[in-house]
Amino acid sequence: MTRPQLLIDTDPGVDDALAILMAHAHADIAGLSIAAGNVGLEHTVRNARTLLDLMGSAAPVFAGCATPLVRAPDEDAAFVHGADGFGDVGFPVPRAPLTDESAALALLRLTRERPGELTLVALAPLTNLALALRIDPTLPERVARLVVMGGAVTGHGNTGKVPAEFNVGFDPEAAHVVFEAFPSFDLVDWEATLRHAFDDAEFDGWLAAGDQRADFFGQIVATARRYNAKHDRSGVIAADALAMAVAIDPTIVTRSETRAVAVELDGRLTRGATVVDWAARLGRPAQANIVLEVDHARFAAMVRRALGAPG
């Protein structure tokens, strides 16, 4: 089977790291465009380069936007991922190079060079992608698929604003631009990732059986696991990994619904919420294929392989 060709927009981040390990194991990575989000851009760029060193990958890294398009963010996710985004382990300075090209321009160039070939996997706040769309609105015509990890489709978010999910809530204007521009995309929301968390003991077995990738991930995920345990989040929650599984193999999806999805920009309590027109009342095009369930056993197998664990 031909390996998927992925262009990944990301803000590493612990769960981004697992997703990128999955991409390396199951697909070809055309590039990593980096945004601020989980932590600041200096850290997310460095973390991407650290991952490339670990994987022995020569994929190019493109630094992108250090801030949201319009407003300063209300919060980052350092309290989950650690101040450096990788659990504050203290890895050495990475050797993998950083290119001079900005992320938005790289997204446009690579899709022009390879029209219709690349699946765009958006694991971060959508700032880089929105900026690329403002420069060239024809971008969606050149993307084979867009898979977005973001949103909370029934309002069970994970930010200080109750309905909002982090990636959309970090830069709602960017999410609005992207959701309006793409006529079709796959949406893997926060609520789906909670339904597909991994059992802690089972995941520990994978880490013990894996190779240097498992050792690395076991170190960086420890802070997030402690946070989740204190906040009644059961199991190992792998949000970006679930989106990556859908990007690598869309047949893993067992249940989805296509609906119109928009982003609330102005609400005092609801800014950053993803608003789903479940009953098709607004007459808007249904552009988001909302992933509700995947084949969990196949998802687990993909993660095990990314960690170097057998079978």
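Heads up: the structure comes first, above all this text.
Below, the structure is looked at part by part. (Residues numbered from 1 in each chain as written. Predicted model: local features only at pLDDT ≥ 70, side-chain atom pairs only at ≥ 80, totals over all residues. Heavy atoms only, no water.)

1. Brief notes about the pattern of salt bridges
Here is step 1 of the chain: Summed over all chains, the structure comprises 16 salt bridges.
Here is step 2 of the chain: Arg3 serves as the salt-bridge partner of Asp28, at 3.0 Å between the closest nitrogen and oxygen. With Asp28 in strand E2 (residues 28-34) and Arg3 in the segment before strand E1 (5-10), this pair connects stretches of sequence that are 25 residues apart.
Here is step 3 of the chain: Asp28 sits in the partly exposed class, given a relative accessible area of 32%.
Here is step 4 of the chain: In this structure, Glu113 and Arg109 form a salt bridge, with 3.1 Å as the shortest nitrogen-oxygen distance. Here Arg109 and Glu113 lie together in helix H4 (residues 103-113), a separation of four residues that amounts to about one turn.
Here is step 5 of the chain: Linked by salt bridges that have partners in common, Glu101, Arg109 and Glu113 make up one network. (Salt bridge = Lys/Arg side-chain N within 4 Å of Asp/Glu carboxyl O. Helix = DSSP H or I, 4+ residues; strand = E, 2+ residues; numbered from the N terminus. Buried < 20%, exposed > 50% of the residue type's maximum accessible area, 1.4 Å probe, protein only.)

2. Section: helix H13 (residues 239-248)
Here is step 1 of the chain: Within H13, 10 of the 10 residues are buried, which leaves it mostly tucked inside the rest of the structure.
Here is step 2 of the chain: Those residues of H13 lying buried are Ala239, Asp240, Ala241, Leu242, Ala243, Met244, Ala245, Val246, Ala247 and Ile248.

3. A word on the sheet that holds strand E5 (residues 145-149)
Here is step 1 of the chain: If you trace the eight strands from one edge of the open sheet to the other, you get E3-E2-E1-E4-E5-E6-E10-E7, paired in mixed fashion. Strands at the two margins of the open sheet, each flanked by one partner only, are strand E3 (61-63) and strand E7 (253-259). The average undirected angle you get between the axes of adjacent strands in this sheet is 25 degrees.
Here is step 2 of the chain: Pairing geometry for E1 and E2, over six bridges, is parallel. Its bridge partner lying in E2, Leu7 is registered against Gly31.
Here is step 3 of the chain: Of the strands in this sheet, E2 and E3 touch helix H2 (residues 41-55), which is tilted by about 160 degrees from E2.
Here is step 4 of the chain: Sheet strands in contact with H13 are E1, strand E4 (119-122), E5, strand E6 (185-188), E7 and strand E10 (288-294), and its direction is about 165 degrees off that of E5. (Pairing = 2+ DSSP bridges. Axes fitted to C-alpha atoms, helices over the stretch in contact; angles between N-to-C directions. Contact = heavy atoms within 4.5 Å.)

4. A look at empty space enclosed by the protein
Here is step 1 of the chain: Across all of its chains, the model carries one cavity of 30 Å³ or more by this definition.
Here is step 2 of the chain: What the largest cavity holds in volume is close to 400 Å³.
Here is step 3 of the chain: The wall of the largest cavity is formed by 30 residues, among which Asp15, Val80, His81, Asn158 and Trp190 lie closest to the centre.
Here is step 4 of the chain: Breaking the lining of the largest cavity down by element, the ones donating at least two residues are helix H1 (14-26), helix H3 (78-81), helix H7 (166-170), helix H12 (222-230) and H13.
Here is step 5 of the chain: The element contributing the most residues to the lining of the largest cavity is H12, with four residues.
Here is step 6 of the chain: Partitioning the lining of the largest cavity into residue classes produces 17 nonpolar, six polar and seven charged. (1 Å grid on protein atoms, 1.4 Å probe; cavity = no way out; pocket = protein on both sides within 12 Å on 5 of 7 lines; lining within 4 Å. Points joined across faces, edges and corners; volume = space filled by probe spheres on them. Nonpolar A, V, L, I, M, F, W, Y, C, P; charged D, E, K, R; others polar.)

5. Let's talk about the side chain of Asp11
Here is step 1 of the chain: Among the structural elements, Asp11 can be located in the loop between E1 and H1.
Here is step 2 of the chain: Its relative accessible area of 0% is what places Asp11 among the buried residues.
Here is step 3 of the chain: There is a polar contact of 2.8 Å between the side chain of Asp11 and the backbone nitrogen of Asn38.
Here is step 4 of the chain: Residues in contact with Asp11, not counting those within four places in the same chain, are Asp16, Ala35, Ala36, Gly37, Asn38, Thr44, Leu123, Ala124, Pro125, Phe166 and Asn167. (Polar contact = N/O pair within 3.5 Å; in protein donor to acceptor, adjacent residues only side chain to side chain.)

6. Some details on the packing of helix H5 (residues 127-135) against helix H8 (residues 172-181)
Here is step 1 of the chain: Packing of H5 against H8 leaves a shortest axis separation of 8 Å and a crossing angle of 55 degrees. By the criterion of interaxial angle, the relationship of H5 to H8 is oblique. Crossing of H5 against H8: the hand is left-handed. Mapping the contact onto sequence places Thr127, Leu129, Ala130, Leu133 and Arg134 in H5 and Ala174, Val177, Val178 and Ala181 in H8.
Here is step 2 of the chain: Taken together, the residues that form the contact of H5 with H8 break down as seven nonpolar, one polar and one charged. (Parallel < 35°, antiparallel > 145°, perpendicular 65-115°, else oblique. Left-handed = near helix turned anticlockwise from the far one by under 90°.)

7. A short note on the packing of H1 against helix H11 (residues 212-220)
Here is step 1 of the chain: Orientation of H1 relative to H11, taken along the N-to-C sense of each, is 165 degrees, at an axis distance of 10 Å. Relative to H11, the element H1 lies roughly antiparallel. Two packed elements cross with a definite hand, and for H1 against H11 that hand is left-handed. Counting all contacts with H1, which are made through Val14, Ala17, Leu18, Leu21 and Ala25, the residues of H11 involved are Arg213, Phe217 and Ile220.
Here is step 2 of the chain: Here the residues of the contact of H1 with H11 are counted per class, giving seven nonpolar, no polar and one charged.

Keep in mind these values describe shape, not function.
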